[in-house]
Amino acid sequence: MSNNAIKCIGCGAMFQTLDPNQPGYIDPKLLEEEREVLLCKRCFRLKHYNEAPEVTLSSDAFRKTIGRIAEEDALIVNIIDLFDFSGSMISGLNRIVGNDDIILVANKRDLLPKAVKNDKIERWLRQMVKEYGFNVLDVVIVSAEKGHGVDDLMASIETHRKGRNVYMVGCTNVGKSTLINRIIRTFTPQQQNLITVSQYPGTTLDFIEIPLTQDAALIDTPGIVNEHQYAHYVSKDTLKRMLPKKEIKAKVYQLNPRQTLFIAGLARFDFIKGKRSSFVCYFSNVLYIHRTKLEQADRIFEEHHGKLLSPPQTDELDRLGAFRRYSFTLPEEKTDIVISGLGFITAHAPKAQVALYVPERVGVFLRPSLI
Ligand code: GDP
């Protein structure tokens, strides 16, 4: 292999054959063929399919890589997952983007009930963003998969760009690739090879530029891995069943105290003490929810985890690791108990005592109710 074959001529990343999701991945067979011109998988796909595959980074690496954005006067488009708001927020976003303007894009609108008005979701988002301590120029609600709201997003970017670079940031699984590929298909000029990969100075990682007009481009940045998202700890099969594909049908449970709900084998919810109340479950429609008595719950979990209570499958249990118990007293107002990347339970049960069990590394959040 000659020296210049070590690096991809498209993006300059060093070739590697280990991880298709990391920069510079190339099929080892291609390296053996001693071709003159070699592109990594990502550049190949960009060049031939105008498609931007995902590259991911841990949040520390991400911070280092994009530290420069804060120094630049840019427009930031932060994509979050409406179904996992807290789980998809980038911690320390303010530090990353400095004083740059932010447009918040809430994706996966199609998963929430149609009956909920977008105005209401927008008000909720603005309240949440305030609680996280940052300001946004605009909030746009979209479904990248269905293409809803993408025109509004492009119009908002046009209004607020004011000649600046536009950086698309988001953590993994929010649907950033889906959104960007839709933008590429709908809004970029038709000629091939317009998308370019530019190496970010001083890093091994590059940003992908998606031209919109002669002098404007969107810049895609690597997805940030938020380690508390459930998705990182399950198999592909389980992930498929866990990520909702369609509008979620809420499942309502009237619970007496000392009753338990198992969300398949992925989480356990105990109603310990309080007045009989309704608990509304928002999870992927295909997940089986099992109701039982609190007294029986330990035994059922032990005997049936990975079997009746699946997903996960039995061979995934080690990877999932031990479950941790979180116990809390619910506030006066209607509250969502959120399991990052899995879904949420809405309860209006002031002072009720409840407990939630999820794998140790998976995040749990309480928030004012969304729906
Ligand atoms: P990325 O990691 O942010 O690039 O996310 P992807 O684009 O790979 O999407 C992650 C998952 O979310 C995939 O299973 C997508 O099919 C799904 N997804 C993306 N956008 C939407 C959307 O608008 N609605 C729904 N229901 N799912 C979506």
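In case you missed it, the structure is sitting above this.
Residues numbered from 1 in each chain as written. Predicted model: local features only at pLDDT ≥ 70, side-chain atom pairs only at ≥ 80, totals over all residues. Heavy atoms only, no water.

Draft legend 1. Looking closely at the sheet that holds strand S17 (residues 343–347). Sheet architecture is open: five strands sit in the order S10-S13-S17-S16-S19, paired in antiparallel fashion. Edge positions in the sheet fall to strand S10 (251–255) and strand S19 (364–368), since each has one partner strand and no second. Strand after strand, the sheet turns through a mean of 25° between neighbouring axes, direction not considered. Inspection of the sheet shows S10 paired to strand S13 (residues 277–283) by five bridges, in the antiparallel sense. Along S13, the bridge assignment pairs Val252 with Val280. (Pairing = 2+ DSSP bridges. Helix = DSSP H or I, 4+ residues; strand = E, 2+ residues; numbered from the N terminus. Axes fitted to C-alpha atoms, helices over the stretch in contact; angles between N-to-C directions.)

Draft legend 2. Representation of the pairing of strand S11 (residues 259–263) in the model. Counting buried positions along S11 gives five out of five residues, so the element sits mostly inside the fold. Summarising the sheet, S11 and strand S12 (residues 267–273) pair through five bridges and their orientation is antiparallel. Each residue of the ladder has a partner; that of Leu261, found in S12, is Phe269. From the end of S11 to the start of S12, which pair antiparallel, there are three residues, and Ala264 there has a positive phi angle of about 40°. Sheet topology note: the S11/strand S14 (residues 289–293) ladder contains five bridges and is antiparallel. What sits directly across from Ile263, in S14, is Ile289. (Buried < 20%, exposed > 50% of the residue type's maximum accessible area, 1.4 Å probe, protein only.)

Draft legend 3. Focus on the sheet that holds S11. With respect to topology, five strands assemble into an open sheet ordered S14-S11-S12-S18-S15, the strand pairing being antiparallel. Sheet topology places S14 and strand S15 (323–329) at the edges, where each strand pairs with a single neighbour. Shown here is a sheet whose adjacent strand axes are inclined to one another by a mean of 20°, direction ignored. Strand direction decides the pairing type here: S15 and strand S18 (residues 353–359), joined by seven bridges, are antiparallel. The residue of S18 that forms the bridge with Phe323 is Pro359. In this fold helix H9 (residues 294–304) packs onto S11, S12, S14 and S15, with an angle of close to 125° to the strand it touches most, S14. (Contact = heavy atoms within 4.5 Å.)

Draft legend 4. Representation of helix H7 (residues 176–187). In this model H7 runs 16 Å from its N-terminal to its C-terminal C-alpha over 12 residues, within 8% of the 16 Å that 1.5 Å per residue would give. Taken residue by residue, H7 has Lys176, Ser177, Leu179, Ile180, Asn181, Ile183 and Ile184 as its buried positions. (Expected span 1.5 Å × (residues − 1).)

Draft legend 5. Main features of the packing of aromatic side chains. This model, assessed by the stated rule, comprises eight aromatic pairs. For the pair Tyr282 and Phe344, a centre-to-centre distance of 4.8 Å together with 25° between the ring planes defines the contact as stacked. Of this pair, Tyr282 sits in strand S13 while Phe344 sits in strand S17, placing them 62 residues apart in sequence. Just as Tyr282 is buried, Phe344 falls in that class too. Aromatic rings pair up to connect Phe83, Tyr282 and Phe344 into one cluster. Over the aromatic face of Tyr357 sits the side chain of Arg268, whose NZ or CZ is 4.2 Å from the ring centroid. Stacked on the ring of Phe344, the Lys or Arg Arg367 has its end atom at 4.6 Å from the ring centre. (Phe/Tyr/Trp six-rings, centres within 6.5 Å; stacked < 30°, edge-to-face > 60°. Lys NZ or Arg CZ within 6 Å of the ring centre and 35° of its normal.)

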